[in-house]
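This is what each chain is made of:
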Amino acid sequence: MAEVVWGLATSHVPSIGAAMDRGKTETPDWRGLFDGYAPAREWLAQHRPDVAVVVYNDHANGIDLDVVPTFAIGTAEHYAVADEGFGRRPVPDVVGDADLSLHLVESLVDEGFDLTVFQELEVDHGLTVPLSVWTPDPGDAWPCPVVPLLVNVIQYPQPTAARCYALGQALGRAIASYPVDAKVAVLGTGGMSHQLAGARAGLINPEFDAMFLEAIEKDPEKLARIPRADYIRDAGSEGIEMIMWLIMRGAMNERVEKVHSHYFVPASNTAAAIALFDNRAPQDA
Amino acid sequence: MAEVVWGLATSHVPSIGAAMDRGKTETPDWRGLFDGYAPAREWLAQHRPDVAVVVYNDHANGIDLDVVPTFAIGTAEHYAVADEGFGRRPVPDVVGDADLSLHLVESLVDEGFDLTVFQELEVDHGLTVPLSVWTPDPGDAWPCPVVPLLVNVIQYPQPTAARCYALGQALGRAIASYPVDAKVAVLGTGGMSHQLAGARAGLINPEFDAMFLEAIEKDPEKLARIPRADYIRDAGSEGIEMIMWLIMRGAMNERVEKVHSHYFVPASNTAAAIALFDNRAPQDA
Amino acid sequence: MSAVAPSGPPDVPGTPVFDGRTSRRGLRMNRMFMSLRTAAARERFSADEAAYCAEFGLSPAQREAVVARDWQAMIDEGGSIFYVYKLALVDGRSMQYLGGVFTGTSEAEFVAAMRAGGHRHG
Amino acid sequence: MSAVAPSGPPDVPGTPVFDGRTSRRGLRMNRMFMSLRTAAARERFSADEAAYCAEFGLSPAQREAVVARDWQAMIDEGGSIFYVYKLALVDGRSMQYLGGVFTGTSEAEFVAAMRAGGHRHG
Ligand SMILES: [Fe+3]
Ligand SMILES: [Fe+3]
């Protein structure tokens, strides 16, 4: 049976990918962010999973606003990296795992999650930047196949934090029932606090972010109880995307062990963070 | 506040629409079906709602298999009638009710239903045939605006019957909270037993259909407990679309009053039925 | 984390279940079928069926099934009946004709069987 | 049937919330923005911006906002920031530039404010 081995929460700001693609990770603007990634990357290089589920959202690249699914999952064998406007990122295309995808669809629909199935999908920075944060030099291929799990965080009403956490818990049960002896990683992406438009553009809320970083490890239920309006008020209209971390966290055990976390301001207009959790911590009896 | 005034369950077989469009409703093949519609149509003509929610599925016309949502809702002001291949049906386009649609999206996502929003949609016989069953001579316009609610009944895993019934109940609560003094009709479409492909093509199961017709009125919870596999086995691989009736029924009161029902075999390859329920029956204290 | 196994697609003899795996197999073919809703597409298809199939990326087995009008093979190769039906319409065939094909009878026999109450379940 | 009212889009001063109604208003404009991902589309857009906008069915107010690069008006007219940003990219503008526009400062000032910890909440 499959097992969730680790969970990684990480921002997916496009400029993080651009800084890597353009060799700017050592500049004064960026060094503080990438230095903070180093311990996580070292640990991750020693803990390569067989497959990863990446929870993310698209940004006007792979899907448009004609069709807005609350939760969607890719079931393809291959996901091309989208050209977001001026050439695609110089990173490998993403290999899918259709078998796991189809298992997850069946499990999650059985459990009453109303997924939308994407049989084809181009993936944007929301998915590729987290892969780059994890694996800065993938060479010809990312470390493992990927199942994309998309969340509507752009158009109100987004799913509630509670619904995201519940989906994560069901995802954990679904992975646990996958009849393949596979080590599974789960990535929750986006955040931290930021707002791109309006008079509050440039908003950063380090207190909220610190609370969230602490609670995502130790008390995710608390975060699941926060109403959407409070996310938007406290973390900014785009900071609400942190609800995607709750899907990752829900798929993990009650007790996880923090391997490393790091918080950095700014990644362009955003507070950025990484938080890596080992799912093999001893559990309470 | 809005109120569900009636619910109509009806097959949406394309040949029913074709028989009407081609003036064949009095032929020996069809008279038995259309005669059975008459009492319902008379009552419906006296009970015109302000808006109708039509629960249906598309059949390779408005949406394709690239994107398969479990539950989707249209939020448009206008839905063109699809050309399914050889000219569109000679019936009016469908006027939407974006305000009600957006209210339903917010209410249902708040309640943990993971809807997909269709901002544009062409509607096929799955939606227009039920409107024709209700209103044979619409003239220039259908009796009222329509909100389309789409269900994946084509690609396994379909939502469970229990999930459909729960969605219907949430739909009822959402309609009840709509702050407009509107009379709302709900149509559940599809069925009854039929199977189009495989060695069991032509399957009809009148016993199952009779049980379903009785229970949809008096004991929908019983139908909600039936596993998908049993629907497919007993009602045929396409008969499972009867789960859409449960969404209609869930939106109604515990006690409804049957105005009329009629069962007919065959509408081309299908057992067809109509069942009309008044939602203003006295309730238990 | 407790494991909850999905119930899985039902296995009912004589009943093709169009599940996620089938849909993946048939994706391109079903897309081709759906394209046949326009007259322009039907003309191009009829002018050179194999080329039209190739354009949509059908597998050789799918292309052969389409060109040979092997309706059962189209279903086996991942066709959804609602999509396959679009091809039947191009040929002027009805769903009753397809019902006859799937059950090994003529269209007239299939229609007669439906009028007699259909193929009884069980 | 008991009534359960939706919680409704939050009302936070200085914070545009892209809700369903906004998305309906902006649908065509956002579609136009998304189209600008290809070089061919950008060329056609640049050759005659108003005509390109008309092709996508933008309202007069939307078209004027686009042509005048009135970024705030684009948001007000239903633009999603992620879609509006595609137009900024056409102009070689950054998200920091837009941040300056929305907060009434220059790009340099906005970048400096971000480096200093961003605009603090509260
Ligand atoms: Fe994002
Ligand atoms: Fe149907």
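For the structure, see preceding data.
Fair warning: this is a prediction, and the values are worked out from it, not measured in the lab.

Trainee: Where do I start with the pattern of salt bridges in this structure?
Mentor: Oppositely charged side chains are able to pair whenever their charged atoms sit close together. In this structure the tally under the stated criterion is 36 salt bridges over all chains. The partner of B:Asp230 in a salt bridge is B:Arg233, with the nearest N and O atoms 3.6 Å apart. You can see B:Asp230 and its partner B:Arg233 sitting in helix 8 (residues 228-235), three residues apart, about one turn around the helix. Judged by its relative accessible area of 37%, B:Arg233 falls in the partly exposed class. Ionic pairing is found between D:Glu55 and D:Arg44, a salt bridge with its closest N-O pair at 2.8 Å. With D:Glu55 in helix 3 (residues 49-55) and D:Arg44 in helix 2 (residues 39-47), the pair connects residues that are 11 residues apart, well separated along the chain. Because the salt bridges share partners, they merge into one network encompassing A:Asp66, B:Glu120 and D:Arg31.

Trainee: Just checking my understanding: could you explain the coordination of the iron ion (ligand 1) for this structure?
Mentor: Each pair of donors in an ideal octahedron of six around a metal sits at 90 or 180 degrees, and each pair in an ideal tetrahedron of four sits at 109.5 degrees. Residues and elements named next belong to chain A. The protein atoms that coordinate the iron ion (ligand 1) are His-12 (NE2), His-59 (NE2) and Glu-241 (OE), at distances spanning 2.0 to 2.4 Å. Read in sequence order, the donor residues coordinating the iron ion (ligand 1) give the pattern H-x46-H-x181-E. Residue His-59 is found in the loop between strand 2 (51-56) and strand 3 (67-69), and its partner Glu-241 is found in the loop between helix 8 (228-235) and helix 9 (243-250); the two are separated by 182 residues along the sequence. Residue His-59 is classed as buried on the basis of its relative accessible area of 5%. Relative accessible area serves as the criterion here: at 4%, Glu-241 is assigned to the buried category.

Trainee: Whenever I open this one, the interface of chain D and chain A confuses me. Can you help?
Mentor: The extent of an interface is frequently quoted as the accessible surface area lost upon association of the parts. Across the contact, 41 residues belong to chain D and 40 residues belong to chain A. Both sides of the chain D and chain A interface together cover about 3,600 Å² of buried area, and 61% of this is carbon and sulfur. By the criterion of area lost to chain A, the three top residues of chain D are D:Phe82, D:Met114 and D:His121, representing 18% of everything that side buries. Taken together, the connections running from chain D to chain A amount to three salt bridges. A salt bridge links A:Asp66 to D:Arg31; the shortest N-O distance between them is 2.9 Å. Joining chain D to chain A, the criterion identifies 21 residue pairs in polar contact (both at pLDDT 80 or more).

Trainee: Sorry if this is basic, but what is going on with the sheet that holds strand 6 (residues 94-95) of chain B here?
Mentor: The strands making up a sheet are joined through hydrogen bonds of the backbone, oriented either antiparallel or parallel. Residues and elements named next belong to chain B. Pairing is mixed in the open sheet, where three strands are placed in the order 6-5-8. Each edge of the sheet is formed by a strand with only one pairing partner; in this case those strands are strand 6 and strand 8 (122-123). Bridge count between strand 5 (residues 78-81) and strand 8: two bridges; the pairing is parallel. Bridge pairing in strand 8 places Val-81 opposite Val-123.

Trainee: Please explain the side chain of B:Gln158 as it appears in this structure.
Mentor: Mapped onto the elements, B:Gln158 comes out in the loop between strand 9 (146-151) and helix 5 (161-176). Residue classification places B:Gln158 among the buried positions, given a relative accessible area of 3%. Filtering out sequence-adjacent residues up to four positions away, B:Gln158 remains in contact with A:Val109, B:Asn152, B:Val153, B:Arg228, B:Ile240 and B:Ile243.

Trainee: So what exactly am I meant to see when it comes to the environment of C:Glu43 here?
Mentor: Residue and element names in this part refer to chain C. By the element assignment, Glu-43 lies in helix 2 (residues 39-47). When its relative accessible area of 60% is taken as the criterion, Glu-43 is described as exposed. For the pair formed by Glu-43 and Val-90, sequence separation is 47 residues and the distance between their alpha carbons is 9.8 Å.

Trainee: Help me understand the coordination of the iron ion (ligand 2) in this model?
Mentor: Looking at the metal site, the iron ion (ligand 2) is ligated by B:His12 (NE2), B:His59 (NE2) and B:Glu241 (OE), spaced 2.1 to 2.3 Å from it. Within one chain, the residues serving as donors to the iron ion (ligand 2) are arranged as H-x46-H-x181-E.

Trainee: How do you make sense of the interface of chain B and chain D when you look at a structure like this?
Mentor: Taken together, the contact between chain B and chain D spans 23 residues of the former and 15 residues of the latter. Each partner contributes to the roughly 1,500 Å² buried at the junction of chain B and chain D, and carbon and sulfur atoms together form 50% of this total. Taken as a group, B:Leu102, B:Glu106 and B:Gln119 account for 36% of the area that chain B buries against chain D, more than any other trio of residues on that side. Inspection of the chain B/chain D interface yields three salt bridges. As a salt-bridge pair, B:Glu120 and D:Arg31 come within 3.5 Å of each other at their nearest N and O atoms. Connecting chain B to chain D are seven residue pairs in polar contact (both at pLDDT 80 or more). Only helix 3 (98-110) and helix 5 of chain B provide two or more residues apiece to the side of chain B that touches chain D.

What counts and how
- The residue numbering used here restarts from 1 in each chain and proceeds along that chain's sequence as written.
- Following the order in which they are written, the chains are lettered starting with A and the ligands numbered starting with 1.
- Note on the predicted model: pLDDT of at least 70 is required for a residue's local features to be given, and 80 or more for side-chain atom pairs to be given and counted; whole-chain, interface and lining totals, by contrast, use all residues.
- Note: side-chain values were computed over all heavy atoms of the structure, leaving out hydrogens and water.
- Any Lys or Arg side-chain nitrogen found within 4 Å of a carboxyl oxygen on Asp or Glu counts as a salt bridge.
- By the criteria applied, helices consist of DSSP H or I runs no shorter than four residues and strands consist of E runs no shorter than two, each listed in order from the N terminus.
- Each residue gets one of three labels from its accessible area relative to the maximum for its type: buried under 20%, exposed over 50%, partly exposed in between, using a 1.4 Å probe on protein chains only.
- A donor here means an N, O or S atom no more than 2.8 Å from the metal, or no more than 3.2 Å when the metal is Na, K or Ca. Since water is not included, a site may seem to lack partners.
- Contact definition: two residues touch when any of their heavy atoms are within 4.5 Å.
- Accessible area that two parts lose when put together, with a 1.4 Å probe and added across both, is what the buried area reports.
- Within 3.5 Å is the distance limit for a polar contact, defined as a pair of N or O atoms, with the added protein rule that one can donate a hydrogen and the other accept it, and that residues adjacent in sequence qualify only through two side-chain atoms.
- Strand pairing follows a simple DSSP-based rule, namely that at least 2 bridges must link the two strands.

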